[in-house]
Amino acid sequence: MSRERLYLFDTTLRDGALTTGVDFSLDDKRHIAAMLDRLGVDYVEGGYPGANPLDTEFFKRKPTRRARFCAFGMTKRPGRSAANDPGLAGLLASDSDAIVYVAKSWDYHVHVALGCTLEENLECIADSVKAAVASGREAMVDCEHFFDGYKANPKYALACAEAAIGAGARWAVLCDTNGGALPDEVERIVGEVARVIPGASLAIHAHNDTGNAVANSLAAIRAGARQVQGTLNGLGERCGNANLVTLIPTLALKTELAERFETGVTPEALRQITHLSRAFDELMNRAPNRHAPYVGASAFATKAGIHASALAKDPRTYEHVSPESVGNKRAVLVSDQAGRSNLLAELNRLGVAADPTDPRLQRLLEEVKAREAQGFAYEAADASFELLARGILGGVPEFFAVESFHVGVERKLIGPGGTYSASQAVVKIRIGEERLISAAEGNGPVNALDLALRKDLGVYQKYIEDLELRDYRVRVFQGGTDAVTRVLIEFGDGNGDTWSTVGVSGNIIDASFQALVDAITYRLLKVGVAAQ
């Protein structure tokens, strides 16, 4: 049975750039466009040439090979000809395959925002589309606030979409601009529009202000739309856009959708989507969402012992798709709620040999629960858990021993209204019979400790040269100045591998140092060097 083609349109570089705290550089844009091209999306919307110097420069050279590169802008202004509109001139001068116009489709907006007649707005849409088609470009029109406009004046909202298609546009994009529509409304309205305009010319552009952007997109597809728009990791203004990283696996892996539609994303590319999602967050210096569908670190994690027992028998008991299909992995968490099944599953995943009848397993389980009662959290610190498990089940080599450390913080006035602050750390370690002392100054006490500990590790130094502290998180328990502190640290190396460790203490510096020592010990264990 032949499947219908469903087209994927990414607007990360345009609509996603409106996200609070996101500011793409020119290199960022080129890198992201290449990532999207490799994924297999059909359209990459790059921005608004002419609106700012960065986007104007970006559109001087097409950054995609396969995907159609789209320039975004407004339709011509009322009272001007298309040939005499500077905005259109910038779009037509860009190195793009397609031009996306945004147009008002709510009569209220036409009167208030544009200040022109309804007929003039339809003329602006048609003339702008004709100019794009005459230049050899594919044209599409974002019918802004379409669902609100349709509910207020269905005849006029539909007329805007018909004007676009009638003038030669490939797509009329039905936009839920303020994100307020609900799935049943979207499915009903798109279905009604599809009786007038073929679904092969309809696209959906959903925002997430009610948390329904993905659901609204799927509803529109069910009703006939054959292009779906969104962004990587759901970026976008306010609450974001439809998340393509969620939509793409859903379309590919859910039987009722996969049997009906095909996209440009191959199974091989789909297996890279977890890596792509996390690499994108890394590029923006954002911590990945652990609970993101399909790609989050917790997407295939289970904590309850009875769930772990069932997973060990057949993963389908608690997994709706295979984690490997999206490049993710299963995680059976070890916590104070864990049972023996969790423990064995996690040890197996980590490659730690364990006999199910070994009495030391019970001791390990009791130790985990006792430590979690103190504040440790091993479900987010695989490396520390593996060190603990190996220590009880077989032993961990003593690569080095920390004899003492000292941290000092200095803050002093350096002039009227100015201060200077610095932290110094001294760490004394023993490697075999050799004693080493390292000192460093850092941006804060933890940074100073990290630098001092890794400054000179003797014979092991070459194994830690490429380490980088990627993330540092603190949680305080039980309130007050004498509270217990948990520190989670994530390290990475030059190969892209990452691992997390945990430390707990009433002293935040001591908790941090525990996690630092675990992180380096884990690294040395994994590279397989011998203890001195």
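Residues numbered from 1 in each chain as written. Predicted model: local features only at pLDDT ≥ 70, side-chain atom pairs only at ≥ 80, totals over all residues. Heavy atoms only, no water.

1. Considerations on the overall build of the protein
Item 1. When its secondary structure is counted, the protein shows 19 helices and 18 strands.
Item 2. Principal-axis analysis of the C-alpha atoms gives the protein an extent of 85 × 70 × 45 Å.
Item 3. Restricting to contacts in the protein with at least 6 residues of sequence separation, those with at least 24 account for 66%.
Item 4. Of the roughly 23700 Å² that the protein leaves accessible, carbon and sulfur atoms contribute 49%.
Item 5. Side chains of the protein carry 58 positive and 68 negative charges; the gap between the two charge centres is 2 Å. (Helix = DSSP H or I, 4+ residues; strand = E, 2+ residues; numbered from the N terminus. Contact = heavy atoms within 4.5 Å. Areas by Shrake-Rupley, 256 points an atom, 1.4 Å probe, with all protein chains shown as cover. Lys, Arg positive; Asp, Glu negative; His and termini not counted. Charge placed at Lys NZ, Arg CZ, Asp CG, Glu CD.)

2. Notes on the packing of aromatic side chains
Item 1. Under the criterion given, the structure shown has 14 aromatic pairs.
Item 2. Centroid distance tryptophan 106 to tyrosine 108: 5.3 Å. Interplanar angle 50°. Geometry classified as tilted.
Item 3. Judged by centre distance (6.0 Å) and plane angle (40°), the rings of tryptophan 499 and tyrosine 522 are tilted. Note that tryptophan 499 is positioned in strand β18 (residues 498-505) and tyrosine 522 in helix α19 (residues 508-527), a separation of 23 residues in sequence.
Item 4. Given the relative accessible area of 9%, tryptophan 499 is considered buried.
Item 5. For tyrosine 522, a relative accessible area of 14% translates into the label buried.
Item 6. Members of the aromatic cluster, connected to one another through ring pairs, are Phe58, Phe59 and Phe69. (Phe/Tyr/Trp six-rings, centres within 6.5 Å; stacked < 30°, edge-to-face > 60°. Buried < 20%, exposed > 50% of the residue type's maximum accessible area, 1.4 Å probe, protein only.)

3. What about the packing of helix α8 (residues 183-194) against helix α9 (residues 213-223)?
Item 1. The geometry of α8 relative to α9 is characterised by a closest axis approach of 8 Å and an angle of 30° between their N-to-C directions. Viewed along their axes, α8 and α9 adopt a mutual orientation that is roughly parallel. In this structure, α8 crosses over α9, and the sense of that crossing is right-handed. Along its contact with α8, which presents Pro183, Val186, Glu187, Val190, Gly191 and Ala194, the element α9 presents Ala215, Asn216, Ala219, Ala220, Arg222 and Ala223.
Item 2. A breakdown of the residues in the contact of α8 with α9 according to their chemical character gives eight nonpolar, two polar and two charged. (Axes fitted to C-alpha atoms, helices over the stretch in contact; angles between N-to-C directions. Parallel < 35°, antiparallel > 145°, perpendicular 65-115°, else oblique. Left-handed = near helix turned anticlockwise from the far one by under 90°. Nonpolar A, V, L, I, M, F, W, Y, C, P; charged D, E, K, R; others polar.)

4. Some thoughts on the side chain of glutamate 386
Item 1. Looking at where glutamate 386 falls in the secondary structure, it is placed in helix α17 (residues 382-393).
Item 2. Among the polar contacts made by the side chain of glutamate 386, one reaches the side chain of lysine 526 at a distance of 2.8 Å. (Polar contact = N/O pair within 3.5 Å; in protein donor to acceptor, adjacent residues only side chain to side chain.)

5. Quick word on the sheet that holds strand β7 (residues 171-176)
Item 1. Pairing within the closed barrel is parallel, and its eight strands lie in the order β2-β3-β4-β5-β6-β7-β8-β9. Ignoring strand direction, the axes of neighbouring strands in this sheet form an average angle of 25°.
Item 2. In terms of strand pairing, strand β5 (residues 98-104) meets strand β6 (residues 138-144) through seven bridges, oriented parallel. Each bridged residue has a counterpart across the sheet, and for isoleucine 99 the counterpart in β6 is alanine 139.
Item 3. Packed on one face of the sheet, α9 meets β7, β8 (202-206) and β9 (227-230) and runs near 170° to β8.
Item 4. Each of β2 (7-10) and β9 is contacted by helix α10 (residues 244-253), which is oriented at about 170° to β2, the strand it contacts most. (Pairing = 2+ DSSP bridges.)

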